[in-house]
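A structural walkthrough
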Amino acid sequence: LLIQPFQLAWATGALSHGPLIRKTTLLGDLSAIFTDGDATQLFPDRPAYAVDMFDTPGGEGELYVGVTHLYPGKVGDEYFMTRGHFHQRREQGEVYFGLQGEGLLLMQNQQGQAWTEPVFAGSVHIIPGYTAHRLINTGSQTLSALAVWPSTAGHDYTSLPHGFALRVIEKAGKVRIMAVKHG
Ligand code: 6PG
Ligand code: NI
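Moving on, we get to the site of ligand 1. Taken together, the neighbourhood of ligand 1 is formed by 14 residues, with Tyr49, Glu94, Tyr96, His155 and Tyr157 sitting nearest. Here glycine 84 contributes a backbone N or O atom positioned 2.8 Å from an oxygen atom of ligand 1. Here an oxygen atom of ligand 1 and a side-chain polar atom of histidine 133 are 3.3 Å apart. Contact with the protein chains covers 95% of the free accessible surface of ligand 1, which is 400 Å². Using a 2 Å cut-off from the grid points, one finds that ligand 1 occupies the largest pocket. When the residues that make up the shell around ligand 1 are grouped by side-chain class, the tally is five nonpolar, seven polar and two charged.

Enumeration according to the criterion identifies two aromatic pairs in this entry. Considering the side-chain rings of tyrosine 64 and tryptophan 149, the 6.0 Å spacing of their centres and the 70 degrees angle between planes classify their relative orientation as edge-to-face. One end of the pair, tyrosine 64, is in strand S5 (residues 63-70); the other, tryptophan 149, is in strand S13 (residues 143-150), with 85 residues separating them in the sequence. With respect to burial, tyrosine 64 and tryptophan 149 carry one shared label: buried. When the ring centre of tyrosine 157 is taken as origin, the NZ or CZ atom of arginine 83, which lies over that ring, is 5.9 Å away.

Take the layout of surface pockets next. Quantified by volume, the largest pocket comes out at close to 520 Å³. Lining the largest pocket are 26 residues, with Val51, Thr68, His85, His155 and Tyr157 sitting closest to its centre. The volume enclosed by the second largest pocket comes to roughly 270 Å³. For the second largest pocket, the lining is made up of 17 residues, of which Ile33, Arg134, Tyr157, Leu160 and Gly163 are closest to its centre. Here the residues of the lining of the second largest pocket sort into seven nonpolar, six polar and four charged.

Here we take up the confidence of the model for the protein. On average, residues of the protein carry a pLDDT of 97, and 99% of them reach 70 or more. As a predicted assembly, this complex carries a pTM of 0.97 together with an ipTM value of 0.99.

So, on to the sheet that holds strand S12 (residues 131-137). Taken in spatial order, the three strands of this open sheet run S10-S9-S12, and their pairing is antiparallel. Strand pairing shows two members of the sheet lacking a second neighbour, strand S10 (114-119) and S12, which therefore form its edges. Taking each pair of neighbouring strands and ignoring which way they run, the sheet shows an average axis angle of 20 degrees. Across six bridges, strand S9 (residues 103-109) lies against S10 in antiparallel orientation. Bridged to leucine 105 within S10 is glutamate 117.

Thresholds applied
- Residues numbered from 1 in each chain as written.
- Chains lettered and ligands numbered in written order.
- Predicted model: local features only at pLDDT ≥ 70, side-chain atom pairs only at ≥ 80, totals over all residues.
- Heavy atoms only, no water.
- Near = heavy atom within 4 Å.
- Polar contact = N/O pair within 3.5 Å; in protein donor to acceptor, adjacent residues only side chain to side chain.
- Areas by Shrake-Rupley, 256 points an atom, 1.4 Å probe, with all protein chains shown as cover.
- 1 Å grid on protein atoms, 1.4 Å probe; cavity = no way out; pocket = protein on both sides within 12 Å on 5 of 7 lines; lining within 4 Å.
- Sits in = over half its atoms within 2 Å of the grid points.
- Nonpolar A, V, L, I, M, F, W, Y, C, P; charged D, E, K, R; others polar.
- Phe/Tyr/Trp six-rings, centres within 6.5 Å; stacked < 30°, edge-to-face > 60°.
- Helix = DSSP H or I, 4+ residues; strand = E, 2+ residues; numbered from the N terminus.
- Buried < 20%, exposed > 50% of the residue type's maximum accessible area, 1.4 Å probe, protein only.
- Lys NZ or Arg CZ within 6 Å of the ring centre and 35° of its normal.
- Points joined across faces, edges and corners; volume = space filled by probe spheres on them.
- pLDDT = per-residue confidence, 0-100.
- Pairing = 2+ DSSP bridges.
- Axes fitted to C-alpha atoms, helices over the stretch in contact; angles between N-to-C directions.

Take a look at the structure:
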């Protein structure tokens, strides 16, 4: 018995050969995460990113596989980024693989320490448990990254009340990673 596998085009992150799920997040959904949140309402229907997933069974011990396509753009001087989250099951990690484009993976632990890794075609990122994560597109092309994570991980979007401790902006044509000061 031979079962045809799912397929991934490594150069673009396009998924095929099986049931897929796509979730698109619009700029208008993201007003809370950008410094100039009001500016997202100028183009609320513009897609900021899409997540494609193989429609595979979940459950304890099972893994999900998906690709995030984060489009290029800025809100004010701040690059497009994903909402970012801890996993609801805090101990559960994830692996990201850069496929195309240029960007950063921003990570932050529960002590509030934050750091970034460059994402590019071929980059591999081990996101430990207890670590929030967000993709940021600092380039002019779509940033695509493959992710594999426990199906039971879940998403917790509420546990960074002050947001991430780092912001990534363009200043004088250059990518700048800035520490955020909370008042
Ligand atoms: C996950 C992955 C990944 C992530 C997307 C969108 O745990 O599901 O980290 O698929 O969900 O990159 O990011 P947000 O979930 O933060 O919007
Ligand atoms: Ni995740």
